[in-house]
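The chain contents come next:
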Amino acid sequence: MTAVAGDGARPAPEVATVTRLGSGGPWEALYGYCRVVRAGQLAITAGCTSTVDGRVAHVGDAAAQTAQAIRIGLDALAEVGAEPADVVRTRMYVTDRMYADEVGRAHNAVFGAVRPVATMVVVAGLIDPEHLVEVELEAWLGDR
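Please read these numbers as outputs of a predicted model, since none were measured by experiment. Sequence order as written defines residue numbering, which begins from 1 separately in each chain. Given that this is a predicted model, residues contribute local features only at a pLDDT of at least 70 and side-chain atom pairs are listed and counted only at 80 or more, while totals for whole chains, interfaces and linings are drawn from all residues. Side-chain numbers here rest on the full set of heavy atoms in the structure, without hydrogens or water.

**Student:** Any chance you could explain the side chain of Gln68 here in plain terms?
**Tutor:** You can see Gln68 is positioned in helix α2 (residues 62-79). Relative accessibility under 20% of the residue-type maximum defines a buried residue, over 50% an exposed one, and the middle range a partly exposed one, all with a 1.4 Å probe and only protein chains included. Classification of Gln68 as buried rests on a relative accessible area of 14%. Polar contact is the term for a pair of N or O atoms within 3.5 Å; when the atoms are in protein, one must be able to donate a hydrogen and the other to accept it, and sequence-neighboring residues count only if both atoms are side-chain atoms. Within polar-contact distance, the side chain of Gln68 engages the side chain of Arg71 at 3.2 Å. Contacts are residue-level and defined by heavy atoms, with any inter-residue pair within 4.5 Å sufficient. When sequence neighbours within four positions are dropped, the list of residues in contact with Gln68 reads Ser50, Val52 and His58. A run of H or I in DSSP becomes a helix once it reaches four residues, and a run of E becomes a strand once it reaches two; helices and strands are each numbered from the N terminus.

And the structure:
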C-alpha cells in the first residue's frame, strides 16, 4: 500500500487520526481516491473488484470475482490494523440479479461466522464490462 497525500499539487491536510492508503490500482490516482481510509476506530475500503495487476481476474465467474474482491478488501483493511472479524458492514454491487446467489455464497464463505450487516444491489454496470461484482467493506476497530 502507498500513502496518499493529495492531488500532487499541494499536500492534503493531515489529521492525526486519519490514515489514507492507496494500492496503486489503475483508477485511484486518475479518479482521486484511496483503497482504504482509517478514521479513528472506523476503517472503510473503496469499492473492490477482481482487478489484479490491472486486469480483471476470473472473467465470467461471479463467485470467484467476489472472493477475489473480498480478499483485496481484507488485505487493505489489514494494512490499517483490521481483521475479518472487525468487519461490520459489507456492500455488494452485482451487474445482474442472476449472480445474487453465487455472490451471497462467496460472501458467506468469508463472513458467515462474522455476520456483518450487508447490502446487495443490482446495478446497470461497473467500470469494466468484465466486472460482475464490486464489494465495499467497513470495519470497526474499537480501541485499537
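**Student:** Help me understand helix α3 (residues 100-111), please; the structure alone is not making it clear to me.
**Tutor:** Residues that lie three or four places apart on an α-helix share one face, since the helix turns once every 3.6 residues. For a helix, the expected span equals 1.5 Å multiplied by the residue count minus one. If you check α3, its first and last C-alpha atoms are 16 Å apart, about what 12 residues at 1.5 Å a residue would give, namely 16 Å. Of the residues making up α3, those classed as buried are Val103, Ala106, His107 and Phe111. Buried residues in α3, looked at end-on, bunch into an arc of 115°, giving them a common side. The exposed residues of α3 that point more than 90 degrees off its buried face are Arg105 and Ala109. Where α3 is buried, its residues contact α2, β7 (87-94), β8 (117-122) and β9 (133-140). This arc is taken over the directions from the axis of the helix to the C-beta atoms.

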